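Architecture and fold: a report
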Amino acid sequence: LFIPPMEDARPTVGVDRSVTLAINGNDVTWTLAGIIYHSSNHFTCRICLKSGATWYHDGIMTGKGCVAENALSDVELSFAGESFGYIYMYLRDA
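Below you will find a few notes about this structure. These figures come from a predicted structure and were not determined experimentally. (Residues numbered from 1 in each chain as written. Predicted model: local features only at pLDDT ≥ 70, side-chain atom pairs only at ≥ 80, totals over all residues. Heavy atoms only, no water.)

Of the regular secondary structure elements, the protein chain holds one helix and seven strands. For the protein chain, the α and β elements follow one another from N to C terminus as β-β-β-β-α-β-β-β. Relative to its 94 residues, the protein chain shows a buried fraction of 23%. Expressed as a percentage of contacts within the protein chain between residues at least 6 apart in sequence, the contacts between residues at least 24 apart total 49%. Approximately 6700 Å² of the protein chain is accessible, and the part contributed by carbon and sulfur atoms is 57%. (Helix = DSSP H or I, 4+ residues; strand = E, 2+ residues; numbered from the N terminus. Buried < 20%, exposed > 50% of the residue type's maximum accessible area, 1.4 Å probe, protein only. Contact = heavy atoms within 4.5 Å. Areas by Shrake-Rupley, 256 points an atom, 1.4 Å probe, with all protein chains shown as cover.)

Here is the structure:
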């Protein structure tokens, strides 16, 4: 059985920029801080700053540095190139 690749059929996952949970009667908020992406045998990451800026790192493409991206609100967080979001990391707000 052959199923041709469907270029426009990439599923996306809704990624919350922040999450608030009630813990012991108090609302506690965590803000998205970073995402690790996986594709084949390679990992990349995106760093999300509280200012709304995002940075992308791919050791093969960017070496030791990160590349500035668009604002967090303008970035598709489910993917980075052909890589899928694998781990989503949140930091607890103070």
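By the secondary structure assignment, Thr44 is in strand 3 (residues 42-48). What makes Thr44 buried here is its relative accessible area of 4%. Each C-alpha atom of the pair Thr44 and Met61 lies 9.7 Å from the other, and the pair is 17 residues apart in sequence. Once residues within four sequence positions are removed from consideration, Thr44 is found in contact with Ile35, Ile36, Tyr37, Tyr56, His57, Asp58, Ala80 and Ser83. Separated by 3.5 Å, the side chains of Thr44 and Tyr56 make a polar contact. (Polar contact = N/O pair within 3.5 Å; in protein donor to acceptor, adjacent residues only side chain to side chain.)

Our focus in this paragraph is the pairing of strand 2 (residues 26-39). One ladder, built from six bridges, connects strand 1 (residues 18-23) with strand 2; its direction is antiparallel. Opposite Ala22, over in strand 2, you have Asp27 as the bridge partner. The antiparallel pairing of strand 1 with strand 2 creates a hairpin that spans two residues between the two strands, and Asn24 there sits at a positive phi of about 50°. Pairing of strand 2 with strand 3, which is carried by six bridges, proceeds in the antiparallel orientation. Bridge assignment links Ile35 to a residue of strand 3, and that residue is Arg46. From the end of strand 2 to the start of strand 3, which pair antiparallel, there are two residues, and Ser40 there has a positive phi angle of about 60°. (Pairing = 2+ DSSP bridges.)

Moving on: a nonpolar patch on the surface. Together, Phe43, Tyr86, Ile87 and Met89 make up an exposed nonpolar region whose accessible area comes to about 400 Å². Sort the elements by how many residues they give to the nonpolar patch and strand 7 (residues 83-92) lands first, with three residues. By the element assignment, Met89 lies in strand 7. (Patch = residues over 30% accessible without salt bridge, like charges linked within 9 Å, V, L, I, M, F, W, Y side chains within 5 Å. Salt bridge = Lys/Arg side-chain N within 4 Å of Asp/Glu carboxyl O.)

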